[in-house]
Amino acid sequence: MSQDTILIGAGLSGLVDAILLAESGRRVLVLEQHTIPGGYLQQFARKRTVFDVGFHYTGSTAPGRPLGQFFEHLRIRDRLRLLPFPAEAAIEVRSGERSFAYPATFERFVETALATWPHEREGLERFVRDVEEVAAAYKWYALKRGVDYAHPDDMPFSQQSFASYLDGVIEDPWLREVLSFQSFNLGLWADEIPWVKHVLAFRSNFDVTCRIEGGGGALVEALVARGHELGVEYRFKEAVTKLVCRKPHVVAVETSQGERYEAELFVAACHPKVVVRALEQGAVSDLFREHVLGMKDSRGALQVFLRLTEPVTSIGATCVLFRDAEEEARTPPLGPILVTNPCAVERGDERGGARLEAMTYMSDELFAPWSELPVLKRGADYEALKGALAERVVGMLTKLAPELSGRVTDVYAATPLSDAWYTRNDHGAVFGISHDVTQQGRDRPTSRLRLKNLVFTGHSINMPGICGVFINAFHTCDLVRDDGGALFASVAT
Ligand SMILES: Cc1cc2nc3c(=O)[nH]c(=O)nc-3n(C[C@H](O)[C@H](O)[C@H](O)COP(=O)(O)OP(=O)(O)OC[C@H]3O[C@@H](n4cnc5c(N)ncnc54)[C@H](O)[C@@H]3O)c2cc1C
């Protein structure tokens, strides 16, 4: 069977790329190994309560901001109901007795920070200038016409960590902690995250930070519906197992169903290591293969989902990022934790139900004895370990919101093994290949690889997270469409 374009993976990146390529006239077939679309944006239901896996919140959704513009371009804006977080406390960070509430806009954040740390005025002003400078220099984030941008693959993702950047700028330990906390959004700590990536992820937390009614599932539904309108075909339970190559091209893919699909263009929207392993021997050099397969993956996650008799109210902001020194000192250490209280912004969404979702990063090493076993078949010891960790998380959440005790009816937990099982991200890596300072620039897989008609997209490329994945999809499809900048012009202001 012959198609123009084969997309490997129906996660967020595959769904966005499919639309962008189909609207430029390509006949697109999306092959997905799982039974449903969404990748990390998939949801699961227990006793009619729906939980999100990889979607807590996203920023930059206002008109003129990246996601706002991308939603419009993709014609999904009207299909989504955005649920903005409280203007004065969109995200709250807590450490011990201290807390800081991030307001919803960057301007308000700057005012609040200057009022809270007047002795750090000079450092804060420099930080704000540097943030705006980076945000303005990154083409698919800035989205401004008439600017001569560097190619995103050539963006100087410096080897300087955010912590070392801060060393010359901010002294106050609590302000440093507050500014650093959001490196959590890329699964890294301040001494690991390249400051440029931290700045972009940080900046994208403003300008209407929100949930979407119906969670990640609603975003997936909207994208699939738009794809259908454009004639995109989706096939599930079709894992790509082999890329057949005639150097320097890929000519076909073979799947777990025994199918072979030929195409002109192949877009890898899954973990790059999956594709590199599936490339025929000799398609790329052994050196390149070993380099990609040897790259460090981002951290996995421990997630705890609570069904409640009624929502909690004492968590004022909708997302709280907090640490608990006692739990950080135990083995294995737990923290920081991101807790999401979807009920605080939902307006009677029947699918939700009273619930609370929490996540912290955790290596899959702890679960190594069960890593080869399928989901639901990992046995009593695995369940006991998961249960013990979940209990600790519930204890931490109860300290945060004391009214929780007595309201929890069910506790469910997921480990990096669960995420790896459903999405085939090695180690359950939350953001694909780690974006830490040691793996930047030309060392990372970029959109274009050694094979001329194989391109990469998704959270391992350029920027991770929901906003990052949209940015990467537009960037990759801009390269592929090669339409003289028309795609950029359609979203730029
Ligand atoms: C616990 C957690 C919490 C998160 N919270 C947030 C958040 O609040 N905000 C935010 O911005 N981001 C968040 N993220 C990150 C965000 O969800 C991801 O960056 C994004 O969804 C990744 O999309 P993707 O399409 O690049 O990759 P994936 O979602 O991994 O999609 C890859 C797809 O490829 C498929 N696939 C794999 N191998 C094959 C194969 N051989 N053949 C065919 N198909 C294949 C997979 O099944 C999957 O559907 C979170 C992630 C996690 C895990």
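Note: the structure precedes this text.
None of the values given here were measured: they were computed from a predicted structure. (Residues numbered from 1 in each chain as written. Predicted model: local features only at pLDDT ≥ 70, side-chain atom pairs only at ≥ 80, totals over all residues. Heavy atoms only, no water.)

K.L.:
Is there a simple way to think about the environment of Met396 in this case?
P.N.:
Assignment of secondary structure puts Met396 in helix 13 (residues 379-400). Through-space distance from the C-alpha of Met396 to that of Phe322 is 9.4 Å; in sequence the pair is 74 residues apart. Contacts of Met396, omitting those with residues within four sequence positions, involve Phe322, Asp324, Glu327, Leu334 and Ile337. (Helix = DSSP H or I, 4+ residues; strand = E, 2+ residues; numbered from the N terminus. Contact = heavy atoms within 4.5 Å.)

K.L.:
Honestly, the side chain of Thr61 in this entry has me stumped. Any pointers?
P.N.:
Position of Thr61 among the secondary structure elements: in the loop between strand 4 (49-52) and helix 2 (66-73). A distance of 2.7 Å separates the side chain of Thr61 from the backbone oxygen of Val208, its partner in a polar contact. Every residue in contact with Thr61, bar those within four places of it in the chain, is listed here: Leu67, Gly68, Phe71, Leu82, Asp207, Val208 and Cys210. (Polar contact = N/O pair within 3.5 Å; in protein donor to acceptor, adjacent residues only side chain to side chain.)

K.L.:
Looking at this structure, how should I read helix 15 (residues 465-481)?
P.N.:
Helical geometry note: an α-helix holds 3.6 residues per turn, so side chains three or four residues apart project in the same direction. Given a rise of 1.5 Å per residue, 17 residues ought to cover 24 Å, and the 24 Å separating the end C-alpha atoms of helix 15 matches this to within 8%. Burial within helix 15 is extensive, with 15 of its 17 residues counted as buried. (Expected span 1.5 Å × (residues − 1). Buried < 20%, exposed > 50% of the residue type's maximum accessible area, 1.4 Å probe, protein only.)

K.L.:
Would you mind showing me how to read the sheet that holds strand 7 (residues 98-102) here?
P.N.:
To summarise the sheet geometry, strands pair through backbone hydrogen bonds and adopt either a parallel or an antiparallel arrangement. Here we have seven strands laid out as an open sheet, ordered 7-6-14-15-16-13-17, and mixed in their pairing. The strands lining the two open edges of the sheet, one partner per strand, are strand 7 and strand 17 (408-414). When strand polarity is set aside, the average angle formed by the axes of neighbouring strands in this sheet is 20 degrees. Packing of helix 13 onto the sheet brings it into contact with strand 6 (91-95), strand 13 (300-308), strand 14 (319-323), strand 15 (337-340), strand 16 (355-362) and strand 17, and relative to strand 13 it is tilted by some 65 degrees. Contacting strand 13, strand 16 and strand 17, helix 14 (residues 416-423) runs over the sheet at an angle of about 100 degrees to strand 13. (Pairing = 2+ DSSP bridges. Axes fitted to C-alpha atoms, helices over the stretch in contact; angles between N-to-C directions.)

K.L.:
Whenever I open this one, the site of the ligand confuses me. Can you help?
P.N.:
Taken together, 36 residues form the shell around the ligand, and within it Ser13, Glu32, Gln33, Asn425 and Ile466 come nearest. Side-chain polar atom of Ser13 to an oxygen atom of the ligand: 2.8 Å apart, as the coordinates give it. Asn425 places a side-chain nitrogen or oxygen 2.7 Å from an oxygen atom of the ligand. For the ligand, whose free accessible area comes to 1,000 Å², the fraction covered by protein is 96%. Among the elements of the structure, helix 1 (12-22), helix 14 and helix 15 are those that each provide at least two residues to the shell around the ligand. (Near = heavy atom within 4 Å. Areas by Shrake-Rupley, 256 points an atom, 1.4 Å probe, with all protein chains shown as cover.)

K.L.:
Quick question: what am I supposed to make of helix 7 (residues 173-181) here?
P.N.:
Most of helix 7 sits out of view: seven of its nine residues are buried. Among the residues of helix 7, Trp174, Leu175, Glu177, Val178, Leu179, Ser180 and Phe181 are the ones counted as buried. Sitting at the amino-terminal end of helix 7 is Asp172, which places a side-chain oxygen 2.9 Å from the backbone nitrogen of Trp174.

K.L.:
In this structure, what is going on with the nonpolar core? I would like to understand it.
P.N.:
Core analysis: the biggest nonpolar cluster contains 108 residues, and Tyr102, Phe109, Trp140, Leu179, Leu219 and Phe470 have the highest contact counts within it. Here the element with the most residues in this core is helix 15; it accounts for nine residues. Counting residues in hydrophobic clusters, the runner-up holds 29 residues, among them Val304, Ala358, Phe367 and Ala413. (Core = buried A, V, L, I, M, F, W, Y, C linked by side-chain atoms within 4.5 Å.)

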